[in-house]
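# Structural overview for review
Each chain, letter by letter, is given below.
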Amino acid sequence: MRLVGRTVLTIALATGLRLVREGFVVRALAWPGLLAAGAMVGTALIVGLMGSPVDEVASLAMRAEDAALVQERVAAASLELRVDPDPERAVAEGRASRAAWREADPGGAGERWVVAAPSAGPTTFRIEAILRDQAQAAWRIEVPPETARSAVVAGQSGRMGLIISVLFALYGVVMGAGLAWRDRAEGVVEAALTLPVPPWTQAAGRLVGLGVVLGLGQLATLQLMHGIMAMDRPLAIAGNGLVATVVACALGLSAVASPGAADRGFAAPLSRALGFVTALMGLGAGLPAVGAWLPVASLGALAVGSSPLGAPIPVTLLGLALVGLAVRRWGQHQGGLGR
Amino acid sequence: MLHATDLSRTFLDARRGPVLAVDGISLRVDRGEVYALLGPNGAGKTTTLRMLATLLRPDRGRVLIDGVDAAVDPLGARARLAYVPAEAGLEPQLSALEAVSLFAAVQGVARPRERARELLARLGAAELCSAACGSLSTGQKRRVVLARALVHDPPLLLLDEPTDGLDVAGRRDVLALVRRLAAEGRAVLVSSHIMGEVEAIATRAGVVARGRLVAEGSLDELRERAGLRDLGEAFLRLTGEGLPPTGAQG
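Residues numbered from 1 in each chain as written. Chains lettered and ligands numbered in written order. Predicted model: local features only at pLDDT ≥ 70, side-chain atom pairs only at ≥ 80, totals over all residues. Heavy atoms only, no water.

What follows deals with helix 5 (residues 138-149) of chain B. The end-to-end C-alpha separation of helix 5 of chain B is 16 Å, in line with the 16 Å expected for twelve residues at 1.5 Å each. Among the residues of helix 5 of chain B, Arg142(B), Val144(B), Val145(B), Leu146(B), Ala147(B), Arg148(B) and Ala149(B) are the ones counted as buried. Where the residues of helix 5 of chain B are buried, they touch helix 7 (188-192) of chain A together with strand 6 (81-84), helix 3 (96-106), helix 4 (112-122), strand 7 (156-160) and helix 6 (168-183) of chain B. (Helix = DSSP H or I, 4+ residues; strand = E, 2+ residues; numbered from the N terminus. Expected span 1.5 Å × (residues − 1). Buried < 20%, exposed > 50% of the residue type's maximum accessible area, 1.4 Å probe, protein only. Contact = heavy atoms within 4.5 Å.)

Residues and elements named next belong to chain B. Among the six residues that make up strand 8 (residues 187-192), six are buried, leaving the element largely enclosed by the rest of the structure. Every second residue of strand 8 is oriented toward a common face, with Ala187, Leu189 and Ser191 on one face and Val188, Val190 and Ser192 on the other, all of them buried. Summarising the sheet, strand 3 (residues 34-38) and strand 8 pair through five bridges and their orientation is parallel. Across the sheet, Leu37 pairs through a bridge with Ser191, a residue of strand 8. As paired strands, strand 7 and strand 8 are joined by five bridges and run parallel to one another. Within strand 8, the residue paired with Leu157 across the bridge is Val188. The handedness of the strand 7 to strand 8 crossover, carried by helix 6, is right-handed. (Pairing = 2+ DSSP bridges. Right-handed = clockwise from strand over helix to strand, strands pointing away.)

Residue and element names in this part refer to chain B. Taken in spatial order, the six strands of this open sheet run 6-7-8-3-9-10, and their pairing is mixed. Each having just a single partner strand, strand 6 and strand 10 (212-217) make up the two edges of the open sheet. Adjacent strand axes in the sheet meet at a mean angle of 15° when their direction is disregarded. As paired elements, strand 3 and strand 9 (residues 204-209) share four bridges and run parallel to each other. Bridge pairing in strand 9 places Ala36 opposite Ala205. Most of the contacts of helix 8 (residues 219-226) go to strand 10, to which it runs at about 115°, and overall it touches strand 9 and strand 10. On the sheet, helix 9 (residues 231-239) packs against strand 3, strand 9 and strand 10 and is oriented at approximately 40° with respect to strand 9. (Axes fitted to C-alpha atoms, helices over the stretch in contact; angles between N-to-C directions.)

Turning to the sheet that holds strand 1 (residues 2-13) of chain B, a few remarks are in order. All names here are of chain B. Taken together, the four strands give an open sheet; going across it, the order is 2-1-4-5, and neighbouring strands pair in antiparallel fashion. Looking along the sheet, the strands with just one partner apiece sit at the ends: strand 2 (17-29) and strand 5 (68-69). By the bridge criterion, two bridges tie strand 4 (residues 60-65) to strand 5 in an arrangement that is antiparallel. In the sheet register, Ile65 faces strand 5, and the bridge partner there is Val68. Taken strand by strand, helix 1 (residues 45-52) contacts strand 1, strand 2 and strand 4, and its axis lies near 120° from that of strand 1.

Residues and elements named next belong to chain A. What the rule picks out here adds up to 35 salt bridges over all chains. Where Glu22 meets Arg182, a salt bridge forms, and the shortest distance between an N and an O atom there is 2.1 Å. Highlighted residues: Glu22 in the loop between helix 1 (2-21) and helix 2 (23-50) and Arg182 in helix 6 (residues 149-185), separated in sequence by 160 residues. (Salt bridge = Lys/Arg side-chain N within 4 Å of Asp/Glu carboxyl O.)

Turning to the confidence of the model for chain A, a few remarks are in order. Predicted confidence across chain A gives a mean pLDDT of 83, with 87% of residues reaching 70 or more. When the criterion is pLDDT under 50, residues 331-339 of chain A qualifies, and its contacts beyond four places in sequence or with other chains add up to 35 contacts. (pLDDT = per-residue confidence, 0-100.)

Once that is clear, we can look at the state of the cysteines. Residue and element names in this part refer to chain B. For the structure on display, the rule yields zero disulfides over all chains. Cys133 supplies the cysteine sulfur nearest to Cys129, a cysteine that is in no disulfide, at a spacing of 11 Å. Its relative accessible area of 1% is what places Cys133 among the buried residues. (Disulfide = S-S within 2.5 Å.)

Quick look at the interface of chain A and chain B now. Contacts between the two partners involve 32 residues from chain A, matched on the other side by 35 residues from chain B. Of the roughly 2,800 Å² buried at the junction of chain A and chain B (both faces included), carbon and sulfur atoms supply 57%. Run the count over chain A and chain B and you get two salt bridges. Between Glu190(A) and Arg50(B) there is a salt bridge, with the nearest N and O atoms lying 2.7 Å from each other. (Buried area = accessible area lost by both parts, 1.4 Å probe.)

Residues and elements named next belong to chain B. Summarising the sheet, strand 1 and strand 2 pair through ten bridges and their orientation is antiparallel. When the bridges of strand 2 are listed, Arg9 appears paired with Val22. The antiparallel hairpin formed by strand 1 and strand 2 contains three residues in its connecting segment.

This is the structure we're talking about:
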């Protein structure tokens, strides 16, 4: 047991070292973080140069006698009331975002309320509702409270977090398959399999090394995103994403390392593993009740609903054990190990 | 030290069906001996070596390494051998020292880095310690691979085409090393098809053709059996490659 543990740890360390030294891995891990950071810097620049496209506090210009009629309701709607003798001009000159006044109704006797607004939207509807109530109109409009801005951002950044987790799962397949292929083609596996340790430790060590490097990269990227824009369901995304990445690495490794795979080249096993991973994600999105319990599929389930944290772990452990049994025969097959 | 009996292995070829790659090969290599496994390309040398190294399970036959049955206790057998494949099998991103230390650590050698440094120095590769394996020449890689094979001081060495791709100086150094390793009491089995090398190092040889061991003995015995003084010519006659084509005489 000690020998097995030492072997897995040693191979995992060597694998991690190799992956880190390969510029490709570092670049691949850096890209999601760089993209997210670039998007944030770009947004900050645009907001800084052009100003916020949304009024933080909507203001309403009214004549003094009109304002007196609706003052309380306007305050209750969190609008800033600005008394102005010419409300229409106040909007035109930018002293207020909206205006309201009374004027003679050209179609009949009496008066009517007029609202001047640059655009329709919740604030304009709220002013309309206040004035309809004041005029005791036959119908009124009810505007529900706005969703908090932070909740909207969290939802969007949560989707980005999910996309990053999907990307890492796909990286896992490609890197797992690539590592197994190179080690087989360069004779690394053949030399290693003559060591006095069970053959499956070779695959296990590589899986641990891959999982640690990719998992740390994934966690760092998600943490960066969460720090910049608080993500919705960060734990669920990170947990399901990590499980998906480890399983994807195992699928990539076993696709190329499994008996007989050497005869099928690199592209065919790789595309099969990628197809399987994307099909699992599709299954999770289509059948979230089932997908939530399966690794990789839980990312799909999370995209359309929810996936309890840790739900796919039992199936993952079972799957890894099965993959372990499959790779036990690594190298003990016809024409294997790159020959 | 190494005792193989009646080794056979069949591969399934998609086009040709079952192919008998090795057919009933038996051989014995003792300590202090360099045994050369000779044969043309595709004769079954590498398949035989891979079965001896426990990389392939024979369909039939038995391999005993220092008394340990490789089928019953493959890990015990592996602990007593080192296999050096024709390909270097070095991780290009690791330094030579790391590549050798990795094997030493898995083999459970105490202070693996020191052991790796010592072996690299002994093989004249001390200056390669910090060089990435991917940047080494074929000869340098061969030295590192041999150092890696020796980390656990194995009594049996299986070398597949050890001088393949080496220049004259590299070839001379590797042959001298093989002789030295045998002189230290190790059993060495070398596969080759280069007769000059075999004459330089081997004490006995076996000739493999079409998966069968067609002749075995000291080099003089092989020459005598073929009725030729030149080992190369003797090899061609024994493997059947020196015969004139069928119909050429008539």
